[in-house]
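Residue-level structural notes
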There are 2 protein chains.
Amino acid sequence: MELRGKPVADQITAQVKQDVQALQEKGVWPKLTIIRVGEKPDDLSYERVACSRMQQCGILTEEIALAADCSQETFIAALQEKNNDPSVHGILLLRPLPPALSGMEEMLAPQKDVDCATATALGRMFAEDPGAFAPCTAQAVMEMLAYYEVPLRGMDVTVIGASLVVGKPLSELLTTADATVTTCHLQTRDVAKHTRQADIVISAAGCPGLIQPDMLRRGVVVIDVGINVRADGSICGDANFLSCEQVASKITPVPGGVGSVTTSVLAKHVVQAAWQNSFPTK
Amino acid sequence: MELRGKPVADQITAQVKQDVQALQEKGVWPKLTIIRVGEKPDDLSYERVACSRMQQCGILTEEIALAADCSQETFIAALQEKNNDPSVHGILLLRPLPPALSGMEEMLAPQKDVDCATATALGRMFAEDPGAFAPCTAQAVMEMLAYYEVPLRGMDVTVIGASLVVGKPLSELLTTADATVTTCHLQTRDVAKHTRQADIVISAAGCPGLIQPDMLRRGVVVIDVGINVRADGSICGDANFLSCEQVASKITPVPGGVGSVTTSVLAKHVVQAAWQNSFPTK
């Protein structure tokens, strides 16, 4: 069975739209500010998709484009202005920032940090704070698993990838959901040993062809978070989809899988931030 | 081989003493404030051991005892006073706090949070900030492994326990050290499956007799973080020491293992906080 992202994103989007209306009735117009440094094609493309999703949800967006060589002072001034602007509920920093601005994401106000760019937001997620925002892609995986009713409690889950943006926070979310999680990465001696005994395999390695059917137990659920660009410009995941589909009970395609859910999670976080920032006692 | 904590603690303590002298020569007298609410025997005993270690290192201590039923206002006032007192470099909150004060630990200034009580400190550790303080017990395990030259890179490590104080941060520290970590907990279906294939088993479950020799592969390293009190008042770990010692290549005793290292890590963190708070550019 192919687990497509669109119905998941649609369901989240429908709920977000309702929440936006409820906020508007209370006089709050949810708004996301996107701050981009430079003109990286990946950033531009994600920004376009994110804006289009916010529009679909009725969330206002504001795009701030800074020069690729902007100074720390310029960056901080732009960020602080939005930190202090009560009409802005969420701020998305397109990352990674250029090396000259490395670490500057920590200046983002935690209550507006809808994609978990700061250590404080990461810590709140880790501490299982219900008001915390997980990184959107990690949360998108959790939304996929929930929508397709894949049980987690007591399941053996192998996560491949230990980045701060996906692998590590995802391992944490899964552990909190009572799965028994093994986190593999570049230094793992034998990835196949760990995937073969898993009930669920989640690959966030960014390595095309990494997951082959002989690494999977029959009936496994495969969630593919890899987004890789082939030489011909086409997109593929970490798993060899056609062959892995023969072994897996459920598998997400790339494109059309987890990646399609990310911006709806972002919209959900903006609305949640708008609630939390506008009605702090709620 | 029995891995005792004392030589590890001695080595850390000797280094801390040197650091304290170096700080004193710069006019800084490192100081730890311990805040205790109520008179729980565990708290009193840890406080006694911690004060004795600080004294051994030349670190000043101040003990603040609040009534078990103290109000949030009283607690916050006491904490804020120490947050704002530049002569105090580290603050240890004896935890867990009473239910009425639940969540109040977040008021602790992150730069003085030497035992990782706040979400911010946890996030900094998670984000691999070199200035972050891990929870002392989790760090004590890392110090044991380093002292006894147990390699971590590429090793399969099974951690039993997913608490915020030990299991989860320890899994994170081990992953950052390039181990392949599986985190087990109460919902894990088959703990033995995960321990049998591990190169290193770390138990922080608080469950006497949990680790039996048939759950271990020959030559494994066993780190026992459990501290359990038997009916007769004696202390034991999670592993059945005498029988597991026959199978393991290295194993820590309880008492006399990881627990003996914790306060020396606390002292190390106080000195590090004193450096960081007194000479921010360093």
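A brief look at the structure comes next.

What follows is about the environment of Arg95(A). Residue and element names in this part refer to chain A. Assignment of secondary structure puts Arg95 in the loop between strand S3 (90-93) and helix H4 (119-126). As a C-alpha pair, Arg95 and Ala50 span 45 residues in sequence and 14 Å in three-dimensional space. Only 3.1 Å separates the side chain of Arg95 from the backbone oxygen of Asp115, close enough to count as a polar contact.

A word on the packing of helix H5 (residues 136-147) of chain B against helix H6 (residues 167-176) of chain B. Residues and elements named next belong to chain B. Between H5 and H6, the shortest axis-to-axis distance is 8 Å and the interhelical angle comes to 40°. The interaxial crossing formed by H5 with H6 has right-handed handedness. Mapping the contact onto sequence places Ala138, Gln139, Val141, Met142 and Leu145 in H5 and Pro169, Leu170, Leu173 and Leu174 in H6. Residues that form the contact of H5 with H6 fall into these classes: 8 nonpolar, 1 polar and no charged.

Its location among the elements puts Phe133(B) in the loop between helix H4 (119-126) and H5. What Phe133(B) contacts, discounting residues up to four positions off in sequence, is Gln111(B), Asp113(B), Val114(B), Cys116(B), His269(B), Gln272(B), Ala273(B) and Gln276(B).

If you look at the biggest cluster of nonpolar residues, it comprises 56 residues, and the most contacted ones within it are Leu32(B), Ile59(B), Leu174(B), Ile202(B) and Ile223(B). Top contributing element to this core by residue count: helix H9 (residues 262-278) of chain B, with 8 residues. Apart from residues lying up to four places away in sequence, Ile223(B) is in contact with Leu3(B), Val141(B), Leu145(B), Val201(B), Ile202(B), Ser203(B), Thr252(B) and Val258(B). Of all hydrophobic cores here, the second largest spans 55 residues; its members include Leu3(A), Val16(A), Tyr148(A) and Leu174(A).

Another aspect to go through is the packing of aromatic side chains. In total, this model carries 5 aromatic pairs over all chains according to the counting rule given. Ring centres of Phe126(A) and Phe126(B) lie 4.7 Å apart, and the angle between their planes is 75°; this geometry places the pair in the edge-to-face category. Taken together, the positions of Phe126(A) in helix H4 and Phe126(B) in helix H4 put the pair across two chains. For Phe126(A), a relative accessible area of 1% puts it in the buried group. A centroid spacing of 4.8 Å and a plane angle of 80° characterise the contact between Tyr147(A) and Tyr148(A), whose relative ring orientation is edge-to-face. Since its relative accessible area comes to 30%, Tyr147(A) is described here as partly exposed. In this arrangement the basic side chain of Lys26(A) is found over the ring face of Phe279(A), its NZ or CZ atom lying 5.3 Å from the centre.

What counts and how
Residues numbered from 1 in each chain as written. Chains lettered and ligands numbered in written order. Predicted model: local features only at pLDDT ≥ 70, side-chain atom pairs only at ≥ 80, totals over all residues. Heavy atoms only, no water. Helix = DSSP H or I, 4+ residues; strand = E, 2+ residues; numbered from the N terminus. Polar contact = N/O pair within 3.5 Å; in protein donor to acceptor, adjacent residues only side chain to side chain. Axes fitted to C-alpha atoms, helices over the stretch in contact; angles between N-to-C directions. Left-handed = near helix turned anticlockwise from the far one by under 90°. Contact = heavy atoms within 4.5 Å. Nonpolar A, V, L, I, M, F, W, Y, C, P; charged D, E, K, R; others polar. Core = buried A, V, L, I, M, F, W, Y, C linked by side-chain atoms within 4.5 Å. Buried < 20%, exposed > 50% of the residue type's maximum accessible area, 1.4 Å probe, protein only. Phe/Tyr/Trp six-rings, centres within 6.5 Å; stacked < 30°, edge-to-face > 60°. Lys NZ or Arg CZ within 6 Å of the ring centre and 35° of its normal.

Any link to function would need more than the numbers given here.
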